[in-house]
Amino acid sequence: MAIDHSSIFFFPEHGFIMRSLGALSFPLFAYFITQGLKYTKDLQLYIIALVTCACVTQPLFNILFPDLHRLNDLYTLLFGLIILVLYERYGFHAFYLTLLLVFSNVVSIYIFIVFAIYFFHSRPGILLGVMIAFYLLVYFLSGSLYVLFGPVSVALMYSPSFHQGPRIPKTIQKYFYYVAYPGHFLIIILINSIRYPT
């Protein structure tokens, strides 16, 4: 996401390449969300951490994108997680909430990526097909060619090097994303304030 947002504000001439790389980010975040649901030792604390991060990020998101009038993408991931929790407890009726959230513009249609990864991660061929179909729909709705690179993220999800990750302490890895997500918005805002002082 940092690459995607950096291209918008700093490198528009490289927008297609950078935004194509950025298109990989949401499916990977969605993958981490489903893995978090599966392996977390404290689901309540996990959800509280996501809520906190989403709330901290929102003012920064509003500063950078004042014309969007929507919540940042972390809320889409958060509600995706919550609906999956409700699904595991109450069944498919939980997904009715998804339609309400999407049509009321609380979350984006990208919430369906969270569900696709949750249900089809053990069947990579089907997951890839679902992702291709989804991103073709997004391309049809948006006209943005770069989104078609989104399905490439499926290959990364099954890559051994992706799962090994960097050799840094697990505690740092655990909290890195909570800092990095709002942090990259803050850095862009600070750089913009220096480049275009008011």
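Calculation criteria
- Residues numbered from 1 in each chain as written.
- Predicted model: local features only at pLDDT ≥ 70, side-chain atom pairs only at ≥ 80, totals over all residues.
- Heavy atoms only, no water.
- Helix = DSSP H or I, 4+ residues; strand = E, 2+ residues; numbered from the N terminus.
- Rg over C-alpha atoms; globule rule 2.2 N^0.38 Å.
- Buried < 20%, exposed > 50% of the residue type's maximum accessible area, 1.4 Å probe, protein only.
- Contact = heavy atoms within 4.5 Å.
- Areas by Shrake-Rupley, 256 points an atom, 1.4 Å probe, with all protein chains shown as cover.
- Lys, Arg positive; Asp, Glu negative; His and termini not counted.
- Charge placed at Lys NZ, Arg CZ, Asp CG, Glu CD.
- Disulfide = S-S within 2.5 Å.
- 1 Å grid on protein atoms, 1.4 Å probe; cavity = no way out; pocket = protein on both sides within 12 Å on 5 of 7 lines; lining within 4 Å.
- Points joined across faces, edges and corners; volume = space filled by probe spheres on them.
- Nonpolar A, V, L, I, M, F, W, Y, C, P; charged D, E, K, R; others polar.
- Phe/Tyr/Trp six-rings, centres within 6.5 Å; stacked < 30°, edge-to-face > 60°.

Undergrad: Hey, could you run me through the overall build of the protein chain in this one?
TA: Tallying secondary structure elements over the protein chain gives eleven helices and zero strands in all. For the protein chain, the sequential pattern of α-helices and β-strands runs α-α-α-α-α-α-α-α-α-α-α. Expected size for 198 residues packed as a compact globule is a radius of gyration near 16 Å; at 17 Å, the protein chain falls within 12% of this value. Referenced to the eigenvectors of the C-alpha coordinate spread, the extents of the protein chain come out at roughly 55 × 40 × 35 Å. Residues classed as buried in the protein chain amount to 40% of the 198 residues present. Residue pairs at least 24 apart in sequence account for 65% of intrachain contacts in the protein chain once pairs closer than 6 positions are excluded. About 11600 Å² of surface is accessible on the protein chain, with carbon and sulfur atoms providing 70% of the total. Within the protein chain, the 6 negative side-chain charges are centred at a point lying 12 Å from the centre of the 10 positive side-chain charges.

Undergrad: I would appreciate a short explanation of the state of the cysteines in the present structure.
TA: Two cysteines, two sulfur atoms, one covalent bond between them: this is a disulfide. For the structure on display, the rule yields zero disulfides. As a non-bridged cysteine, C53 has C55 as the owner of its nearest cysteine sulfur, 9.4 Å distant. Residue C53 is classed as buried on the basis of its relative accessible area, which comes to 5%.

Undergrad: Is there a simple way to explain empty space enclosed by the protein in this structure?
TA: If a probe as big as a water molecule is rolled over the atoms, it shows which places are left empty. Under the defined criterion, the tally for this structure stands at one cavity of 30 Å³ or more. Of the volumes computed, that of the largest cavity is approximately 40 Å³. Lining the largest cavity, in full, are R70, L71, N72, T76, N105, V106, V107 and S108. Of the residues contributing to the lining of the largest cavity, the split by class is three nonpolar, four polar and one charged.

Undergrad: Honestly, the packing of aromatic side chains in this entry has me stumped. Any pointers?
TA: Between two aromatic rings, the relevant description is the distance of the centres plus the angle of the planes. Summed over the entire model, instances satisfying the criterion amount to 25 aromatic pairs. Each ring, one from F9 and one from F65, has its centre 5.6 Å from the other, and the planes form 55 degrees; the classification is tilted. Here F9, found in helix α1 (residues 2–9), pairs with F65, found in the loop between α4 (43–64) and α5 (73–90); they are 56 residues apart in sequence, far enough to count as distant. A relative accessible area of 21% means that F9 is categorised as partly exposed. Here a set of aromatic residues connected by ring pairs shows up, and it is made of F9, F29, Y31, F32, F61, F65, F176, Y177, Y181 and F185.

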